[in-house]
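Spelled out from the first residue to the last, the chains are:
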Amino acid sequence: MKGVPPEHLAELYFNRYPQEVDPVWLNPCVDKRHREIWNPGKKCSDFPSLLVVGPQKTGSTALYTFLKLHPNVSANLDSPTSYEELQFFGSPNYNKGIDWYRSFFPSGRAVKFEKSATYFDKEAVPMQAGALLPSAKVIIILLDPITRAFSWYHHQRAHNDHAALSHSFYDVITNTDKHNREVQSLKTHLLRPGFYYEHIQRWRRYYPDSQIMYVDGEQLTSDPAQVMTDVQLFLNTDVLIDYRHILSFEDEKGFYCIKRSVGRPKCLGAGKGRVRQYGQVDEKSRAYLQQVFYTPNLALKHLLAQVGSPIPSWLAANS
Ligand SMILES: Nc1ncnc2c1ncn2[C@@H]1O[C@H](COP(=O)(O)OS(=O)(=O)O)[C@@H](OP(=O)(O)O)[C@H]1O
């Protein structure tokens, strides 16, 4: 018999099974043995039963803000570093463990949720979320990926991103210079999340279709009250709130805002709804991106038809 130091064994093992290097948090209540050794004061109902996963720039903050107004629904407490988005899955926060995650959901309301718009297209997230929260519901917002990309470009300009300030939108989306790292990285952020079909397929590996809802991002802007009715039906909330009594269109903002008993409605902050200032995508960029997204959009359209989900109007026009 030959003795081998444990570090050496571990190295051999993880070289062979690299996918096991990072721990995966399972739901303690799914496995009887875990439940038995888990502190009796902790409950699995402390975890969220809904994840709003984005993608970024699709109206996720509006959905989050409107959902929080529901009497049966509560969001996580703010994180000291990333504010309303916990960004637990697919980030270094994941290594802080499930008690860290749980501690952000103290409320006793029936539906607890978190919205982290970065979740949608991060490789590891569906697997990690599916392992910890297998019975959670998942909301994905589908906005025209061209609109989404343009919004992200202007978000970056507003945050003084050098690449966005010194290159036109068209230059960034058509960039082929791999050595220009900052433009390449911006291009990736503009385009990658918009390949909805491939990301959704990853979510579908870990969540059944019955637990996934697709929200039309354009409808969320133009008719949020209807979207909120559909969301409540999807969540089976005991109370059905009519958001037409809660939201009103504000001309100055150009978006729906929250009515108040006294004074003007409360709108989302200045960082949401910039489209008023930056306007429309130029025709050349639009034509180019229509080509880029044509095949993935077609696949998405088939997928939505297959799962019986309504086809957003922007997608119906993709033919
Ligand atoms: N009611 C309401 N008020 C303000 N903005 C609204 C609203 N509904 C949808 N939108 C659109 O949401 C876009 C921002 O999306 P997100 O909240 O997902 O952005 S983020 O990823 O969290 O940064 C934001 O994009 P920009 O216009 O580019 O700022 C809006 O077009």
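Residues numbered from 1 in each chain as written. Predicted model: local features only at pLDDT ≥ 70, side-chain atom pairs only at ≥ 80, totals over all residues. Heavy atoms only, no water.

### Some points on the state of the cysteines
Here, the word disulfide means a covalent bond between the sulfur atoms of two cysteines. Inspection of the entire model under this criterion finds two disulfides. The disulfide bridge from C257 ends at C267, spanning 2.1 Å between sulfur atoms. Across the S-S bond of C257 and C267 the torsion is about 100°, and the bridge reads as right-handed. Within this pair, whereas C257 is found in strand β7 (residues 255–258), its partner C267 is found in the loop between β7 and α13 (275–278), the two being separated by 10 residues in sequence. Looking at the protein, its bonded cysteines, counted consecutively from the start of the sequence, adopt the pairing 1-2, 3-4. (Disulfide = S-S within 2.5 Å. Helix = DSSP H or I, 4+ residues; strand = E, 2+ residues; numbered from the N terminus.)

### Topic: the packing of aromatic side chains
Here the structure, examined in full by the defined rule, presents 25 aromatic pairs. Ring geometry for F47 against Y101: centres 6.3 Å apart, planes inclined by 25°, an arrangement best described as stacked. One end of the pair, F47, is in the loop between α2 (32–37) and β1 (50–52); the other, Y101, is in helix α4 (residues 98–102), and 54 residues separate them in sequence. For the pair F47 and Y101, one class covers both residues: buried. Summarising the aromatic geometry, the rings of F150 and Y278 are spaced 5.3 Å apart at their centres and angled 90° between planes, so their arrangement reads as edge-to-face. Placement of the pair is F150 in helix α6 (residues 145–158) and Y278 in helix α13, with a sequence separation of 128 residues. (Phe/Tyr/Trp six-rings, centres within 6.5 Å; stacked < 30°, edge-to-face > 60°. Buried < 20%, exposed > 50% of the residue type's maximum accessible area, 1.4 Å probe, protein only.)

### Things to note about the UniProt feature "active site" (unreviewed entry) in the protein
Here, UniProt's "active site" (unreviewed entry) annotation points to K57. Judged by its relative accessible area of 16%, K57 falls in the buried class. Within polar-contact distance, the side chain of K57 engages the side chain of H155 at 3.1 Å. (UniProt positions renumbered as here; feature names shortened; annotations may be inferred. Polar contact = N/O pair within 3.5 Å; in protein donor to acceptor, adjacent residues only side chain to side chain.)

### Some details on the UniProt feature "binding site: 3'-phosphoadenylyl sulfate" (unreviewed entry) in the protein
In the UniProt entry, the feature "binding site: 3'-phosphoadenylyl sulfate" (unreviewed entry) is given for S151 and Y256. Secondary-structure assignment places S151 in helix α6. Apart from residues lying up to four places away in sequence, S151 is in contact with K57 and Y278. Along the chain, Y256 turns up in strand β7. Exposure remark for Y256: the relative accessible area of 26% places this residue in the partly exposed category. (Contact = heavy atoms within 4.5 Å.)

### Side note on the sheet that holds strand β5 (residues 212–216)
Read from one edge of the open sheet, five strands run β2-β3-β1-β4-β5, paired in parallel fashion. A single partner strand is all that each edge strand has here, and the edge strands are β2 (73–75) and β5. Ignoring which end each strand starts from, the neighbouring axes of this sheet average 25° apart. Sheet topology places β2 next to strand β3 (residues 111–115); three bridges connect them, and they run parallel. Across the sheet, the residue bridging to V73 is V111, located in β3. (Pairing = 2+ DSSP bridges. Axes fitted to C-alpha atoms, helices over the stretch in contact; angles between N-to-C directions.)

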